[in-house]
Amino acid sequence: VTPSLFDPGLEGVAVAETELSRVEADGDLLVRGFPIAELAANADYEETVFLLVHGRLPTETEHERFGTELAAQRELDETVREVLRQAASTERSPMTALRMGLAAADLDTDASEPLAVAKRVVAVVPTVVATFWRYRTGEEPLAPREDLSHAANYLYMLTGEEPSPARCDGLEAFLTTTAEHGLNTSTFAARVVTSTESDLVSAATAAVGALKGPLHGGQFTRVRELLWAAHEAPSAADYVRERLADDDRLPGFGHRVYEVRDPRAAVLAATADRFYEETGEDDFLDTVRTVESVGAEELADRQASHQPQPTVDFYAAALLHGLDVPGPLLPATFAVARVGGWVAHCLEQRENNHLVRPGGRYVGQTERTWTPIEDRREASGRPLSEHATVDSLEPVSETLAVLSEPTRLEILLGLFDGDTPLAYSALMDTTSIEDKGRFNYHLRQLRGYFVRDTADGYALTDAGRTVVHAIVTDDGLFESLSD
Amino acid sequence: MSDSTLNRGLEGVTVAETRLSRVDGEAGELTIGGFPVEDLATSATYEESVFLLLHDRLPTAAELADFRADLADRREIGGEVRAVLRRAADEEKAPMDALRMGVAAATLGTDDGGHERDARRVVAVLPTIVATYWRYRDGREPLDPRPDLSHAANYLHMLTGAEPSDAAVRGLETYLNTVIDHGLNASTFTARAVVSTESDLVSAATAAVGSLKGPLHGGAPGPVLDALRAVHESGDPARYVDETLAADERLMGFGHRVYRVRDPRAAVLSTAAERFYDEAGDAAFFDTAREYEDVALDRLAEHTPDRELATNVEFYTAVLLHGIGVPQPLFTPTFAVARVGGWMAHCLEQQQNNRLVRPVGRYVGETDRTWTPRDER
């Protein structure tokens, strides 16, 4: 086995070359070459998807044709509606319903025409979400309206009313801003699925499943709850301070990738400002601004090391609230936007495909032998004793004698905690031994059979690991002997 | 971020510690839950293998009886899922598409359970989805699952409508155990990536099915059977092999991406197939398979001397599944019926020591574009 890099989060590995977006820690986000602010200020969602998929902006004619094409493919058939109705009546979450609907939708596509499948998937996601939501709120779903834009039709299918231009613009800005964002988990899941030469519906379904997880798509709901509770409280500022008194974190502050303010947050903050000012609904905007400033201030006092800034989720939740997108649909509305990025990544993966197949490090047992069911949990001493004589057991006893010293067990426990080998000094720090000479002596006794010395430091051998298991597992020696 | 190394297939990158299986491609060894695959495959029932993967030990007799009964209780699907499968069959969707549709909706009609309950539900329901779809596709009404039958026996029963022979059940059981897990392959990794966001097991299984659907992953036991049938009819394996090689076409059933030597699973399935055909199968067909294998290996050794092409797992998968009566279009879905045990165990393992999987991309697109108004484009 060739030496491998242990990287469970894949943070240091570029898994693809991509022309779709560049995410930089310095706050820069380029989508197909455009700074995100420029794209959001100018493009509608159809244009953004065209750009992602084709790598250039559409001409006026192409833009119109693309919009018409998407609008003509929004329908869902009765079988899927029934699945969504059932999902609504059993109170499944909107993301669960989206997964069911998208996976089960007979999209009537031909997998050998991936671009056509891509368009159909983008077109149908809002219908799935809105259909589910109408059932969930006890109303009949509405048929999509071909005369409306992608964004306007989504709002129409949710509310039953043709949305105002301000609301359309607001949603448009949200959709373009969040359509694409590098190799995040859902996008990567879609690419892995595509890497087996599977189809785009399967890939998009996988991506929905990934986006469903709270570590990926889950902040929106919590931010919205925060904003709503702050808005309802007598003083939004006091509410934020009280919350922070209990918990050092606030939903919607700080992002994994950006060290400075997420550029998408700035775009959506400006969009929200504009929207609330235009519509005169600035009560809620006041709350948002208070939570933003008090939250950032209070958090900065607590965490001197870095400046926690509101994330894109924060302003997205603030904006979508104003657009009348129901709170429970925030993650699903994120999917409505991101599906454009997913399908573009799938098409890109197909262009230059490579099966994704990483490795695992086996840390399980080896060479177990089969115990017939009737013999299990019995000591099974007899069969073993047959091939073990006193003479042959002597070296085993000698090896185990090495463990008759608590300090050495301490060293084994210290090594058990780390995922990766420990350097000498780090290992010594985990134990109570202060004398280097004594520490060296004990470590030497353990080396070979229980501890191995690798290029990166010390690690447990399989036998060492087994010993620690015998000590610390639920019914291990530590539990049963310590009192 | 810009100094990360590009590795599109993630070869050589270890993304997880796992106790579920170890694939040693150089030595041709596969360890599943601590057991050499040879031991596990022939000794365990499928329920026992799943228990082993979930709990890292073999169940006692009482535990196994409980586990088996619990799985049997979770096999049912609701009317709306049946409707989806009926439509998939009517419109001749591929079996793997139907499976994805069915699995994605598989939480309907059940309670949202804890993680292990979700795992059991997914494992239990896959055979029902595949068999229900197949019955519709065959123009017959689907059958209800039979809780008195084992996992493997019930699957065969639901496909065929008859109670399967012991030999067929044992053959299927051996197959299911043999391919239940195989390291961090693309579908398993997809499932783990989905769960890394703290998403649920049904979403992970749906994603994994979508990934297994791809021809680069799900393999090609179907075409092997086509080849075997052609050879069986003509009675002249040598000619078939020579013609295929002369036409520069791939000889189905030989060679594997990871194994440099013979895939250990091929040996297990070869023995299982031999045993099945001896007891209950079409012995002449099995003789053809053996003869074809011998001739093919001889010719391949001459044809590609620099690379050892051994019989792969797909070869004997085709022989064995065909023998026990699994229809050819269901070979890949039956692979999923087996592998789902591994997927679910990997998901639970990921949850225990989770880390969000979030790699990076290397941007090679344009920079500093500026916006052109529509009417100027």
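1. Regarding the overall build of chain A
- On a plain count of helices and strands, chain A comes out with 24 helices and eight strands.
- Here chain A holds 483 residues, and the buried ones make up 54% of them.
- Considering only contacts within chain A whose residues lie at least 6 apart along the sequence, 70% involve residues at least 24 apart.
- A total of about 20900 Å² of accessible surface is found on chain A, and carbon and sulfur atoms cover 47% of it.
- Here chain A carries 43 positive and 81 negative side-chain charges, and the mean point of each set is 3 Å from the other.

2. Thoughts on the interface of chain B and chain A
- Facing 103 residues of chain B, the contacting portion of chain A comprises 107 residues.
- Between chain B and chain A, a total of about 9500 Å² is buried, with carbon and sulfur atoms accounting for 57% of that surface.
- Where chain B touches chain A, the interface holds eleven salt bridges.
- A:Asp77 serves as the salt-bridge partner of B:Arg87, at 2.9 Å between the closest nitrogen and oxygen.
- Looking at side-chain class alone, the side of chain B that touches chain A contains 39 nonpolar, 34 polar and 30 charged residues.
- Across two bridges, the pairing between strand E2 (residues 13–18) of chain A and strand E1 (residues 5–6) of chain B is parallel. Its bridge partner lying in E1(B), A:Val13 is registered against B:Thr5.

3. Here's the deal with the confidence of the model for chain B
- Of all residues in chain B, 97% attain a pLDDT of 70 or more, and the chain-wide mean is 91.
- The weakest mean pLDDT in chain B belongs to helix H11 (residues 215–218) of chain B at 80; the strongest belongs to helix H7 (residues 151–160) of chain B at 98.

4. A few points about the sheet that holds E2(A)
- On the basis of which strands lie adjacent, the open sheet formed by three strands has the order E1(B)-E2(A)-E6(B) and parallel pairing. Looking at the sheet topology across the chains shown, the edges are occupied by E1 and strand E6 (360–363) of chain B.

5. A word on empty space enclosed by the protein
Residue and element names in this part refer to chain B.
- Evaluation of the coordinates by the stated rule reveals three cavities of 30 Å³ or more.
- By volume, the largest cavity is sized at about 40 Å³.
- What lines the largest cavity is simply Gly255, His256, Tyr259, Arg260, Val261, Arg262, Asp263, Glu308, Ala310, Thr311 and Asn312.
- The class makeup of the residues in the lining of the largest cavity is three nonpolar, four polar and four charged.

6. Observations concerning helix H10 (residues 201–212) of chain B
All names here are of chain B.
- For H10, which comprises twelve residues, the first-to-last C-alpha distance of 16 Å matches the rise-based estimate of 16 Å (1.5 Å per residue) to within 8%.
- Burial analysis of H10 places twelve of its twelve residues in the buried class, the great majority of the element.
- Within H10 the residues assigned to the buried category are Leu201, Val202, Ser203, Ala204, Ala205, Thr206, Ala207, Ala208, Val209, Gly210, Ser211 and Leu212.
- With a side-chain oxygen positioned 3.3 Å from the backbone nitrogen of Val202, the residue opening H10 is Asp200.

7. Overview of the pattern of salt bridges
- All told, the structure shown has 49 salt bridges over all chains when counted by the stated rule.
- A salt bridge links B:Glu279 to B:Arg170; its shortest N-O distance comes to 3.0 Å. With a gap of 109 residues between them, B:Glu279 in helix H14 (residues 264–280) and B:Arg170 in helix H8 (residues 166–178) connect regions that are remote in the sequence.
- Bridged by salt links that share partners, the residues A:Asp44, A:Glu47, B:Arg374 and B:Arg377 form one connected network.

8. Thoughts on a nonpolar patch on the surface
All names here are of chain A.
- Taken together, the side chains of Leu393, Val396 and Leu400 make up a nonpolar region of the molecular surface, amounting to roughly 260 Å² of accessible area.
- By the secondary structure assignment, Leu400 is in helix H19 (residues 390–401).
- For Leu400, a relative accessible area of 49% gives the class partly exposed.

9. Topic: the sheet that holds strand E6 (residues 359–362) of chain A
- The three strands are arranged E1(A)-E2(B)-E6(A) in an open sheet whose pairing can be described as parallel. Two strands in the sheet have a free side with no partner beyond their single neighbour: strand E1 (5–6) and E6 of chain A.

10. A word on the environment of A:Ser186
Residue and element names in this part refer to chain A.
- Residue placement: Ser186 occurs in helix H9 (residues 185–195).
- Given the relative accessible area of 0%, Ser186 is considered buried.
- Remark: the alpha-carbon pair of Ser186 and Pro326, spanning 140 residues in sequence, is separated by 23 Å.
- Contacts of Ser186, omitting those with residues within four sequence positions, involve Ala207, Ala210, Leu211, His216 and Trp342.

11. With respect to the pairing of strand E8 (residues 457–460) of chain A
Residues and elements named next belong to chain A.
- Summarising the sheet, strand E7 (residues 451–454) and E8 pair through four bridges and their orientation is antiparallel. Across the sheet, the residue bridging to Val451 is Leu460, located in E8.
- The hairpin formed by E7 and E8 contains two residues between the paired strands.

12. So, the side chain of A:Thr187
- Inspection of the secondary structure puts A:Thr187 in helix H9.
- Here A:Thr187 is in contact with A:Gly182, A:Arg338, A:Trp342 and A:His345, once residues within four sequence places are set aside.

13. Details of the packing of helix H14 (residues 263–279) of chain A against helix H15 (residues 282–302) of chain A
Residue and element names in this part refer to chain A.
- Look at H14 against H15: their axes get within 8 Å of each other, and the N-to-C directions meet at 150 degrees. Considering the angle they form, H14 stands roughly antiparallel to H15. Taken together, the residues of H15 that come into contact with H14 (itself represented by Ala272, Asp273, Tyr276 and Glu277) are Asp282, Phe284, Leu285 and Arg289.
- Tallied by class, the residues present in the contact of H14 with H15 amount to four nonpolar, no polar and four charged.

14. Some points on a negative patch on the surface
- A cluster of like negative charges, contributed by B:Asp282, B:Asp287, B:Glu291, B:Asp294, B:Asp298 and B:Glu302, occupies part of the molecular surface.
- Within the secondary structure layout, B:Asp298 lies in helix H15 (residues 283–303).

15. Quick notes on the packing of helix H10 (residues 200–211) of chain A against helix H17 (residues 330–351) of chain A
Residues and elements named next belong to chain A.
- Running from N to C, H10 and H17 point in directions that differ by 135 degrees, and their axes come no closer than 9 Å. The angle between H10 and H17 falls in the class oblique. Like other packed secondary-structure pairs, H10 and H17 cross with a definite hand, here right-handed. Residue-level contacts link Leu200, Ala203, Ala204, Ala207, Val208 and Leu211 of H10 to Pro331, Phe334, Ala335, Trp342, Val343, Cys346, Leu347 and Arg350 of H17.
- Residues of the contact of H10 with H17, tallied by class, amount to 13 nonpolar, no polar and one charged.

16. A closer look at the confidence of the model for chain A
- Residues at a pLDDT of 70 or more form 90% of chain A, whose mean pLDDT is 87.
- Confidence over residues 378–385 of chain A falls short of pLDDT 50; this stretch has zero contacts with residues more than four positions distant or in other chains.

17. Describing the pairing of E2(A)
- For E2(A), a buried count of five out of six residues is recorded, marking the element as mostly surrounded by other parts of the structure.
- Of the pairings in the sheet, the one linking E2(A) to E6(B) comprises four bridges and is parallel in character. Looking at the pairing, A:Ala14 lines up with B:Val360 of E6(B).

18. Notes on the state of the cysteines
- Counted according to the given criterion, the structure contains zero disulfides over all chains.
- You can see B:Cys347 has no disulfide; the closest cysteine sulfur is in A:Cys346, sitting 20 Å from it.

19. Thoughts on the side chain of A:His321
Residues and elements named next belong to chain A.
- Among the secondary structure elements, His321 is positioned in helix H16 (residues 312–322).
- You can call His321 buried: its relative accessible area is 19%.
- Once residues lying within four places of it in the same chain are set aside, the contact partners of His321 are Arg224, Trp228, Tyr276 and Phe284.

20. Quick look at the packing of aromatic side chains
- Under the criterion given, the structure shown has 21 aromatic pairs over all chains.
- Note on A:Phe188 and B:Phe189: the rings are 5.6 Å apart at their centroids and 70 degrees apart in plane angle, and the pair reads as edge-to-face. Taken together, the positions of A:Phe188 in helix H9 and B:Phe189 in helix H9 (residues 186–195) put the pair across two chains.
- Residue classification places A:Phe188 among the buried positions, given a relative accessible area of 2%.
- By relative accessible area, B:Phe189 is classed as buried at 2%.
- Positioned above the aromatic ring of A:Trp370 is the side chain of A:Arg376, whose terminal nitrogen or guanidinium carbon lies 5.2 Å from the ring centre.

Scoring rules and cut-offs
Residues numbered from 1 in each chain as written. Chains lettered and ligands numbered in written order. Predicted model: local features only at pLDDT ≥ 70, side-chain atom pairs only at ≥ 80, totals over all residues. Heavy atoms only, no water. Helix = DSSP H or I, 4+ residues; strand = E, 2+ residues; numbered from the N terminus. Buried < 20%, exposed > 50% of the residue type's maximum accessible area, 1.4 Å probe, protein only. Contact = heavy atoms within 4.5 Å. Areas by Shrake-Rupley, 256 points an atom, 1.4 Å probe, with all protein chains shown as cover. Lys, Arg positive; Asp, Glu negative; His and termini not counted. Charge placed at Lys NZ, Arg CZ, Asp CG, Glu CD. Buried area = accessible area lost by both parts, 1.4 Å probe. Salt bridge = Lys/Arg side-chain N within 4 Å of Asp/Glu carboxyl O. Nonpolar A, V, L, I, M, F, W, Y, C, P; charged D, E, K, R; others polar. Pairing = 2+ DSSP bridges. pLDDT = per-residue confidence, 0-100. 1 Å grid on protein atoms, 1.4 Å probe; cavity = no way out; pocket = protein on both sides within 12 Å on 5 of 7 lines; lining within 4 Å. Points joined across faces, edges and corners; volume = space filled by probe spheres on them. Expected span 1.5 Å × (residues − 1). Polar contact = N/O pair within 3.5 Å; in protein donor to acceptor, adjacent residues only side chain to side chain. Patch = residues over 30% accessible without salt bridge, like charges linked within 9 Å, V, L, I, M, F, W, Y side chains within 5 Å. Axes fitted to C-alpha atoms, helices over the stretch in contact; angles between N-to-C directions. Parallel < 35°, antiparallel > 145°, perpendicular 65-115°, else oblique. Left-handed = near helix turned anticlockwise from the far one by under 90°. Disulfide = S-S within 2.5 Å. Phe/Tyr/Trp six-rings, centres within 6.5 Å; stacked < 30°, edge-to-face > 60°. Lys NZ or Arg CZ within 6 Å of the ring centre and 35° of its normal.

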